[in-house]
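# Chains, contacts and geometry: an overview
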Amino acid sequence: MTRLLVVNPDTSARMTETIGHAASLAAEAIGVSVQTVCPSNGPESIEGRFDEIVSAYWTLDCVMQVVAKYDGVVVACYGPHPAIEGIREATRVPTMGIMEASVLYALPLGARFSIVTTSFRWQPLLLEGIKLLGVEARCASVRSSGLAVLDIDRLPHAEVCARLASEARLAVEVDGAEVILLGCACMAGLQESVSLAAGVPVVDAVWAGVVEVGALARAGAQTSKRNLYRPVDPRPGLDVLPPGISAVYRRSP
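Throughout what follows, the structure given in this document is the object of discussion.

To continue, consider the packing of aromatic side chains. Per the counting criterion, the structure on display carries one aromatic pair. Seen from their ring centres, Tyr-57 and Trp-58 are 5.0 Å apart, and the 90° between their planes marks the pair as edge-to-face.

If you want it as C-alpha cells, here you go:
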C-alpha cells in the first residue's frame, strides 16, 4: 500500500493529534496509509516567518530520518514553509505543503477562493504564497480570524467556529469567494461547520494534502532532479548536525 508521511512542523502534540485524525480520514477515503509525526524540538506553534525558519531545521531532521519508508510527504503548515523546498531537494518522493494542496483542490470547485486564516500577520504571508503559486487572479481574499494558532485548541469549539464562519461569510458576500480554504492545519475537521454557515464548499487543507500527495504517490510520480531540486552535494565535516540532516550530506537521493 502507498504510504504517506504527514509532518506537523511544530512540536504541539495536541495539534499533531488533530492533524493526524484528519489525515487518517483522508487516507482511508483514497486507499493509502498515513503516519503523522512532529519534530521533538522547535516552536510549539508557527505564528510567523521566524517560527517557520526555526521549525524548518528540526522538521527536516525529523523527516529525513524516516522518509525512506514513505512514498510521499505532506508538510502540514499553511504557507510556503521552507521545509517543503528542502524535502523536495533532498528526496525524490512527491512533497507538498497543505496551502498548495488546498489551492489545487479548490480550483475546480469554484471560480474564486478565499482563505480564512489565524492572526493578521498571516494575511501578507499567505498573499505572498498565493503569488508564488501564480494564482492571484483566482484568489478573492485572505481574511484573518484574529486567532492565534494555539487558540484553535484552547478556546471553546463553538467560539472558534463562529469566528471562522463570520470571516467566511464576509469572504463570500463581500469578496465574491465561491470556495473557502481553512488556512491553518489546526482547523482540520472544522470544514463542515464553516461550510454550513458560509453556504459554499470549504476545504480542509490537511485532507487536501493527503488527497493530492496520495494521488501523485499512487501514480508513481517523482520530483525532478534536473535543476531546482537537483540532489544535495555530498560533503564531509558536517557530522555535528542532527542525524537526519547530516545524512543528506553523506548521500545523493
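Here we come to helix H2 (residues 49-64). The end-to-end C-alpha separation of H2 is 22 Å, in line with the 22 Å expected for 16 residues at 1.5 Å each. The largest bend in H2 amounts to roughly 30° and is located at Ala-56. Restricting attention to buried positions, one finds in H2 the residues Asp-51, Glu-52, Ser-55, Ala-56, Thr-59, Asp-61, Cys-62, Val-63 and Met-64. Where H2 is buried, its residues meet strand S1 (3-7), strand S2 (33-37), helix H3 (82-90), helix H5 (122-133) and helix H10 (243-249).

Enumeration according to the criterion identifies seven salt bridges in this entry. The residue Glu-167 makes a salt bridge to Arg-143 at a minimum N-O spacing of 3.4 Å. Placement of the pair is Glu-167 in helix H7 (residues 157-173) and Arg-143 in strand S6 (residues 139-144), with a sequence separation of 24 residues. Arg-143 matches Glu-167 in its accessibility class, with the two residues each being buried. One network of salt bridges, in which partners are shared, links Arg-49, Glu-52 and Glu-128.

Bringing the sheet that holds S6 into the picture now. If you trace the four strands from one edge of the open sheet to the other, you get S6-S5-S7-S8, paired in parallel fashion. Strands with a single pairing partner mark the edges of an open sheet, and in this sheet they are S6 and strand S8 (202-204). Strand-to-strand twist of the sheet, defined as the mean angle between neighbouring strand axes without regard to direction, takes the value 20°. Direction of pairing for strand S7 (residues 179-182) relative to S8: parallel, over a ladder of three bridges. Of the residues in S8, the one forming a bridge with Leu-181 is Val-203. Contacting S7 and S8, helix H8 (residues 191-198) runs over the sheet at an angle of about 170° to S8. Against the sheet, helix H9 (residues 205-218) touches S7 and S8, its axis set at about 70° to S8.

Parameters at a glance
Residues numbered from 1 in each chain as written. Predicted model: local features only at pLDDT ≥ 70, side-chain atom pairs only at ≥ 80, totals over all residues. Heavy atoms only, no water. Phe/Tyr/Trp six-rings, centres within 6.5 Å; stacked < 30°, edge-to-face > 60°. Helix = DSSP H or I, 4+ residues; strand = E, 2+ residues; numbered from the N terminus. Expected span 1.5 Å × (residues − 1). Bend = angle between axes of the 7 residues up to and from the residue. Buried < 20%, exposed > 50% of the residue type's maximum accessible area, 1.4 Å probe, protein only. Contact = heavy atoms within 4.5 Å. Salt bridge = Lys/Arg side-chain N within 4 Å of Asp/Glu carboxyl O. Pairing = 2+ DSSP bridges. Axes fitted to C-alpha atoms, helices over the stretch in contact; angles between N-to-C directions.

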